[in-house]
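In case you want the letters, here they are:
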Amino acid sequence: MITEVIAAGRRHGLRQTTRSRGRGEYDLVVRSRRTVTPQGERPLAVAVRGGVIAALRPYDEPLAAEESADLGDLPLLPGLVDSHVHVNEPGRTHWEGFATATRAAAAGGVTTIVDMPLNSLPPTVDVAALEVKRKAAEGRCHVDTGFWGGAIPGNLADLRPLHEAGAMGVKCFLSPSGVDEFPALDRDGLRAALAEVAAFDGLLIAHAEDPGLLSDPGGPAYGDFLRSRPQEAERRAVEQVIALAAETGARAHIVHVSAAACVEPLRAAQAAGVRVSAETCPHYLTLAAEQVTGPAYKCCPPIREAANRDALWQALADGVLMGIVSDHSPSTPDLKVPDFAAAWGGISSLQVGLPAVWTAARARGHGLADVARWMAEGPARLAGLPRKGAIREGDDADLVAFDPDAEFTVDVAALHHRNPVSPYHGARLAGVVRTTWLRGTPVDFDTPRGRLLTRGAR
Ligand SMILES: [Zn+2]
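Owing to the predicted nature of the structure, the values given are computational and were not obtained by experimental measurement.

1. Focus: the sheet that holds strand β14 (residues 276–280)
- Here we have six strands laid out as an open sheet, ordered β10-β11-β12-β13-β14-β15, and parallel in their pairing. If you trace the sheet from one side to the other, it starts and ends with β10 (149–150) and β15 (323–324), each paired once.
- The sheet strands contacting helix α5 (residues 187–199) are β11 (170–173), β12 (203–207) and β13 (251–254), and the helix crosses β12 at an angle near 155°.
- Running at roughly 170° to β13, helix α7 (residues 231–248) makes contact with β12, β13 and β14 of the sheet.

Following this line, the structure appears as C-alpha cells:
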C-alpha cells in the first residue's frame, strides 16, 4: 500500500492510498495508524463534517462517510501553521504573490499562513492598507491566510484599529527593515507601542537586532556579513524587548531568533513571568555559516556557525522557543547579487520547511509530534487561531498525509514559489507531503479555496 503512494506522489502527491466513496454521516474519514495529535501518535479515524473534525474514533471503527482514505502506516499530521510569511502582494508581486506562495505552502503541508506587513505596498500599517491587502488576497489563496499589521514611527493611533479589524498583532523592527517604507522603532517608540498594545491586550512581534551593534560589512564575503551582525546585537535587542514588555505588561514575541545568546535571557524572562515568546526558523536549525555558497543564504539575522544550532534545538525541546516558522521572504533573482553586503536579505523556503526540519529533527531524536507542536500548534496559538494547528475535535480539518521516510532532492525550479531561488536547492531531504486537506477538501492547486482569517476566528 505504501509503495503505491510513493509511486503516485511526486510534486503534488495527490493520491491517497485507498480512497473510496460511500454515503453517510461524515463527508470524509481519514484513517492513519500514526495520527499525530497533541497527545502523541495514535491509531485514529478522523471524521470530518462541514470542514471540521467532527470526531476522532478508533482507527478501524466502521464509519459511514461520503469519502474515505486509509493511510495505513503513513502518518497524518495537522496542517502546519506558518505565522511568518512575506507574500509581497500588492506592490512587489513580482517577488511573490498570494497564488504562488499559497500553492507552495499547500505543497509543503502548510494550511495556514500569516502574512507579514512589509515588502508589499502599501505596508500594512493602518486599516486602509489591511483592506488593500485583503482585496489582493481574496480569491487567490490555496490555504487559509491571516495578516499581521505593522508598528512604525507615527502610527501609534492605528494599532488598536488594526487589532479590532482582525490583524493577528503588529510587527516592528528595531533596526532597518530593508525597505524604506517600513522604518524601525527606537527605544521610546518601542515603549509607546508596547504600552498601547498592552492597553487592548494585543500582541507586538519584533525583529530584534540592536542597530548600534550592527556595522558595515566592509567586504563582499559571507564572513564579513556575519561579523557585521553579531549575536550580541540580537541579545541586546531581545533584552530591550524583555525589559519594556515587563515594564508595560504587554505581550511580546521575538521573531526569527538566530543567536544562541538569546536563549538564556528569554528563559529567565519567561521564568519570571514576563509575557515574551520567541520563534526560530528552519534555516537557523538546518543550515550553517560553514556551508554558505551564495546569496540565496543571506537573511537577517544571519545563519550562524554549526555550533550555534545545538542551543536552538535545545531551546525548542525546552519550550523556550515556541515554534518554527519559515520567514519565507523572496525577491527576484537579480537582487541576490553575489556580494553579501548588497544582496537582498531573505530566504525562500515555504515549501521545504517541513522536510528540512523533519530531516534534522529525526537525526536529533525528535518525533513527528514534536514537529507538529513546533510547526502547527505553537504558531497557531501565537497568531490567535483557536481552530488551527492540531488534530482535535472541533478544529478545522486541515490535514497532511506525510511520508517521513521518502527522500527527495530539492529542485528549486520545481517549487511553487514565484522566483527560483532557495538555499535548499540540491539538498537531499526526508519527508514528502502526499496530500494536503484544507478544511476537509484536498488542495488541487487550481481552485483557490483558502479563506481570509481574522484573529480569534472561530
Ligand atoms: Zn520576516
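2. Overview of the packing of aromatic side chains
- All chains considered together, the criterion is met by six aromatic pairs.
- Consider the rings of Tyr222 and Phe225, whose centres lie 5.8 Å apart with planes at 55°: the pair is tilted. You can see Tyr222 and its partner Phe225 sitting in helix α6 (residues 222–228), three residues apart, about one turn around the helix.
- Here Tyr222 and Phe340 contribute two aromatic rings whose centre-to-centre distance is 5.0 Å and whose plane-to-plane angle is 75°, an arrangement assigned as edge-to-face. Of this pair, Tyr222 sits in helix α6 while Phe340 is found in the loop between β15 and α11 (353–363), placing the two residues 118 residues apart along the sequence.
- On the basis of relative accessibility, which here comes to 9%, the residue Tyr222 falls in the buried class.
- Three or more aromatic residues joined by ring pairs form one cluster here, namely Tyr222, Phe225 and Phe340.
- Directly above the aromatic system of Trp95 lies the positively charged group of Arg92, at a separation of 5.1 Å from the ring centroid.

3. Structural notes on the packing of α7 against helix α8 (residues 263–271)
- At a minimum axis distance of 9 Å, the contact between α7 and α8 shows a crossing angle of 15°. The angle between α7 and α8 places the two elements in the roughly parallel class. The two elements α7 and α8 meet at a crossing, and its hand is right-handed. Here α7 contributes Arg235, Val238, Glu239 and Ile242 to the contact with α8, which in turn contributes Pro265, Leu266 and Ala269.
- Residues that form the contact of α7 with α8 fall into these classes: five nonpolar, no polar and two charged.

4. A few points about the pattern of salt bridges
- Scanning the model with the defined rule gives 32 salt bridges in all.
- With a shortest N-O distance of 2.5 Å, Glu239 and Arg235 are connected by a salt bridge. Taken together, the positions of Glu239 and Arg235, both in helix α7 and four residues apart, correspond to about one turn of that helix.
- The exposure class of Arg235 is partly exposed, given its relative accessible area of 22%.
- For Arg267, the salt bridge identified is with Asp318, shortest N-O distance 3.0 Å. Taken together, the residues span a long stretch of sequence, with Arg267 in helix α8 and Asp318 in helix α10 (residues 306–318) at a distance of 51 residues.
- Overall, Arg267 belongs to the partly exposed group, its relative accessible area being 29%.
- On the basis of relative accessible area, Asp318 is assigned to the partly exposed category, the value being 39%.
- What you see here is one network of salt bridges that share partners, running through Asp144, Arg387, Lys388, Asp396, Asp398 and Arg439.

5. Quick word on the coordination of the zinc ion
- Note on the zinc ion: its protein donors are His84 (NE2), His86 (NE2) and Asp327 (OD). The metal-donor distances range over 2.1 Å.
- One chain supplies every donor to the zinc ion, and in sequence these donors are spaced H-x1-H-x240-D.
- With a relative accessible area of 0%, His84 lands in the buried category.

6. Considering the confidence of the model for the protein
- With 95% of its residues at a pLDDT of 70 or more, the protein shows a mean pLDDT of 94.
- Within the model, the stretch residues 1–16 combines pLDDT values under 50 with 37 contacts to residues more than four positions away or in other chains.

7. Thoughts on the sheet that holds strand β9 (residues 144–147)
- Strand order across the open sheet formed by three strands is β7-β8-β9, with parallel pairing between neighbours. Both edges of this open sheet fall to β7 (80–85) and β9, since each of them pairs with a single strand only. When strand polarity is set aside, the average angle formed by the axes of neighbouring strands in this sheet is 20°.
- Sheet topology note: the strand β8 (residues 110–115)/β9 ladder contains four bridges and is parallel. Opposite Thr112, over in β9, you have Asp144 as the bridge partner.
- Of the strands in this sheet, β8 and β9 are in contact with helix α2 (residues 98–107), which crosses β8 at around 140°.

Definitions and cut-offs
- Residues numbered from 1 in each chain as written.
- Predicted model: local features only at pLDDT ≥ 70, side-chain atom pairs only at ≥ 80, totals over all residues.
- Heavy atoms only, no water.
- Pairing = 2+ DSSP bridges.
- Helix = DSSP H or I, 4+ residues; strand = E, 2+ residues; numbered from the N terminus.
- Contact = heavy atoms within 4.5 Å.
- Axes fitted to C-alpha atoms, helices over the stretch in contact; angles between N-to-C directions.
- Phe/Tyr/Trp six-rings, centres within 6.5 Å; stacked < 30°, edge-to-face > 60°.
- Buried < 20%, exposed > 50% of the residue type's maximum accessible area, 1.4 Å probe, protein only.
- Lys NZ or Arg CZ within 6 Å of the ring centre and 35° of its normal.
- Parallel < 35°, antiparallel > 145°, perpendicular 65-115°, else oblique.
- Left-handed = near helix turned anticlockwise from the far one by under 90°.
- Nonpolar A, V, L, I, M, F, W, Y, C, P; charged D, E, K, R; others polar.
- Salt bridge = Lys/Arg side-chain N within 4 Å of Asp/Glu carboxyl O.
- Donors = N, O, S within 2.8 Å, 3.2 Å for Na, K, Ca; no water.
- pLDDT = per-residue confidence, 0-100.

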